[in-house]
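Below are the chains, spelled out letter by letter.
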Amino acid sequence: MKPQRLITIATALLLAAVSCVNVADKAARETMRTLKPLLLRSEKVDSCLSVLRGMDTTSLSRPADKAGYALLHAMALDKNYIDTTDLSVIEPAVQYYTAWYRPGKADKFYTWYYKGRIEENARKYDAVLHSFLEAERVMGGTDDLYRSRLYTSFGRIYIKTLSRQDSYSSFQKALYYAKKTGQMRPYGAALCDCSETASYLSHSNDAQRYLQEYEHEVLHRSMETYEYYLRSKFLHFLQIDQKDSLAKYLTLYLDNTSQSDFLPVAKGYVQLHQYGKAVEFLENYENALVKGEKPGYSYYAFSADIKESMGDYRGALADVRIHDKILSESDKFSYSLLEACRYQTMDVILGTCIGIGMNKILRQGTIKFDTVIIDEAAKANLAESIVPLNLGERFIL
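Residues numbered from 1 in each chain as written. Predicted model: local features only at pLDDT ≥ 70, side-chain atom pairs only at ≥ 80, totals over all residues. Heavy atoms only, no water.

(A) Structural context of the confidence of the model for the protein chain. For the protein chain, the mean per-residue pLDDT works out to 82, and 84% of the residues sit at or above 70. Across residues 14-21, confidence stays below pLDDT 50; counting only partners more than four residues off in sequence or on other chains, it has one contact. (pLDDT = per-residue confidence, 0-100. Contact = heavy atoms within 4.5 Å.)

Pasting the structure below:
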C-alpha cells in the first residue's frame, strides 16, 4: 500500500476518533447543563446524583467540563445528605473556577461554598471558615437563597467553635436574605435559628420576637419547618424556666420529631426534675456518637447538673472539671479561628519576606492573597522571595 494512502487512512481514523470524542463531550455538557438548574433549585436531587454517577467522566476532555462535573457532583452529594469528607470530589472545580483570572462569580461562589461544606464534614473548621469567607467575597454572583445558606453555614460553624455572638450575627444576616426569597422554608428555618441563638445568649425578648414573627408570617402558610419551631419554642421556655410551658412544648417537640436533640431534651427533664428521663437522653446522646468522637462540653454540663441533683457530688465535680478543660481548649481554638478571619478580611497586609513566614496564622497556608507585591525585589535572594510568593495567586516584583 502506498504511503500516501496509508496517511489518508490514518487521517480518516483520527478524524473519526476526534469526532466520537466531540460527540461524547457534547452529550456530557448537555446533561450537565440540564442538571445544574435542578440542583440549584433542589429538585429531583436523587435522580441528578444517579445520572452524575452513571456518566462516563473519561469522555470529559476539557478542564471546564471536568470542573463543571466536579462542582455538580459535590452539590448533588450535599443535597442528598451524603456527608463526604473527600476533597478530591471538588478539587477539579477548585483548581479551575477559583483561579484569579477566571470570569464569572457564581461558579466561584458555589465552588468555595461546597468546598467548605466538605471541610465541615471533616471538621476542619479553620479551613471551612477560609472557604466560606472566599465564598462571601464573590457572592455578588449568586441569589438570595444561597446567600442565606452561606450565612446559616457561618452561624453553625461559629456555634461549633463556641462563638455564640458571631453565630447570632450570621443568623441575622441569613434571615435578612431568607426573607427576601419569599420562600417559607428558608424564612422559617432562619427565624428558628435566630430564636434559638438568642435564647442561648439569654436575649429572651429577641427570642420571643422571632417566635412571634414565625407564628404571624410562617405558621399558617407552611408546616415545613414546624418541627424547628417547636424546638425553638421549647428552648425558649427552657431558658426562661417556665415549667408549665416547658413541659407542654417538650412533649410537642418529641411527638413531632423523628430524631430529637438529646442534650437540650435532657436539660429540659432536669428542670422538670425527671432525672430518670434526663439520664435516658444522655445515654442516647452517648450511643449516637460516631466511633472515636468525644462528648462535647454541653454533655458534661448537663451530666454534672443531673449528678448534683441526684447527690453524686464527686461525679458532678469530675464532669465540671472536664467541662472547664474543653471550654479552655475551645477558647484557644476560637481565638486562632477568629485571627484567621481577621486576616482574611484585610485588603492589605505589610511585612518583610521572612516576617510574613514567621506569622503563625499565615504560615498554616489556609489563607491565600490575590496578589503579592515585593518591593525592591532585587535586594531579596531567592529563598527570601519564595516565602511570601507561596501566599499569593500572582505576584509583582
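There's plenty left to go through after this.
(B) Examining the pattern of salt bridges more closely. Within the structure shown, the criterion is met by 18 salt bridges. Between Glu120 and Arg117 there is a salt bridge, with its nearest N and O atoms 3.5 Å apart. Of this pair, Glu120 and Arg117 both sit in helix α5 (residues 105-121), three residues apart, roughly one helical turn. In this structure Glu120 comes out as buried when scored by relative accessible area, which is 9%. Of the charged contacts, one joins Lys180 and Asp144 as a salt bridge, the two residues approaching to 4.0 Å between their closest N and O atoms. In this pair, Lys180 is assigned in helix α8 (residues 164-181) and Asp144 in helix α7 (residues 144-160), connecting sequence segments 36 residues apart. (Salt bridge = Lys/Arg side-chain N within 4 Å of Asp/Glu carboxyl O. Helix = DSSP H or I, 4+ residues; strand = E, 2+ residues; numbered from the N terminus. Buried < 20%, exposed > 50% of the residue type's maximum accessible area, 1.4 Å probe, protein only.)

(C) Fine view of the packing of aromatic side chains. Taken as a whole, this structure holds 20 aromatic pairs when the rule is applied. Where Phe109 meets Tyr110, the ring centres are 5.7 Å apart and the plane angle is 75°; that geometry is what we call edge-to-face. Judged by its relative accessible area of 0%, Phe109 is buried. Taken together, the ring pairs connect Phe109, Tyr110, Tyr113, Tyr114, Phe132, Tyr146, Tyr151, Phe154, Tyr158, Tyr176 and Tyr177 into an aromatic cluster. (Phe/Tyr/Trp six-rings, centres within 6.5 Å; stacked < 30°, edge-to-face > 60°.)

(D) Quick look at the nonpolar core. Formed by 48 residues in total, the largest nonpolar core has its most connected members in Phe109 and Tyr114. Elements with a contribution of two residues or more to this core: α1 (3-40), α2 (45-54), α3 (63-79), α4 (91-97), α5, α6 (125-137), α7 and α8. Counting residues per element, this core draws most heavily on α3, at nine residues. In terms of nonpolar packing, the next biggest core, distinct from the first, is built from 42 residues, Met184, Tyr229, Leu230 and Phe262 among them. (Core = buried A, V, L, I, M, F, W, Y, C linked by side-chain atoms within 4.5 Å.)

(E) View of the state of the cysteines. In total, this model carries zero disulfides according to the counting rule given. Cys194 provides the cysteine sulfur closest to Cys192, a residue in no disulfide bond, and the two sulfurs are 9.4 Å apart. (Disulfide = S-S within 2.5 Å.)

(F) Region of the structure containing the pairing of strand β2 (residues 392-396). Here strand β1 (residues 369-373) runs beside β2; their pairing, made up of four bridges, is parallel. Bridging across to β2, Ile373 finds its partner in Ile396. A crossover connection joins β1 to the parallel β2 through helix α18 (residues 382-389); in handedness this β-α-β unit is right-handed. (Pairing = 2+ DSSP bridges. Right-handed = clockwise from strand over helix to strand, strands pointing away.)

(G) How the structure looks around the packing of helix α14 (residues 275-288) against helix α15 (residues 297-309). Between α14 and α15, the least distance of the axes is 11 Å, while the angle of their chain directions is 150°. Our classification of the angle between α14 and α15 gives roughly antiparallel. Taken as a pair, α14 and α15 cross one another with a handedness that is left-handed. Contact residues: α14 offers Tyr275, Ala278, Val279, Leu282, Tyr285 and Glu286, while α15 offers Tyr299, Phe302, Ser303, Ile306 and Ser309. (Axes fitted to C-alpha atoms, helices over the stretch in contact; angles between N-to-C directions. Parallel < 35°, antiparallel > 145°, perpendicular 65-115°, else oblique. Left-handed = near helix turned anticlockwise from the far one by under 90°.)

(H) View of unusual backbone geometry. Not every positive phi belongs to a glycine, and Tyr81 is a case in point at roughly 60°. A positive phi angle, near 60°, is found at Arg123, a position not held by glycine. Within the element layout of this structure, Arg123 appears in the loop between α5 and α6. Residue Arg123 is classed as partly exposed on the basis of its relative accessible area of 46%.

(I) Highlighting the side chain of Asp78. Considering the arrangement of structural elements, one finds Asp78 in helix α3. Within polar-contact distance, the side chain of Asp78 engages the side chain of Arg117 at 3.0 Å. If sequence neighbours within four positions are ignored, Asp78 has contacts with Tyr114 and Arg117. (Polar contact = N/O pair within 3.5 Å; in protein donor to acceptor, adjacent residues only side chain to side chain.)

(J) Spotlight on helix α12 (residues 243-255). Under the 1.5 Å per step criterion, the end-to-end length of α12 is 18 Å for 13 residues, consistent within 8% with the ideal 18 Å. All buried positions along α12 are accounted for by Leu246, Tyr249, Leu250 and Tyr253. Summarising the axial view, the buried residues of α12 lie within an arc of 110°, below the 170-degree limit, and thus occupy one face. Seen from the buried face of α12, the exposed residues on the opposite side, beyond 90 degrees, are Asp244 and Asp255. Elements that come into contact with the buried residues of α12 comprise α11 (226-240) and α13 (262-271). (Expected span 1.5 Å × (residues − 1). Arc of directions from axis to C-beta.)

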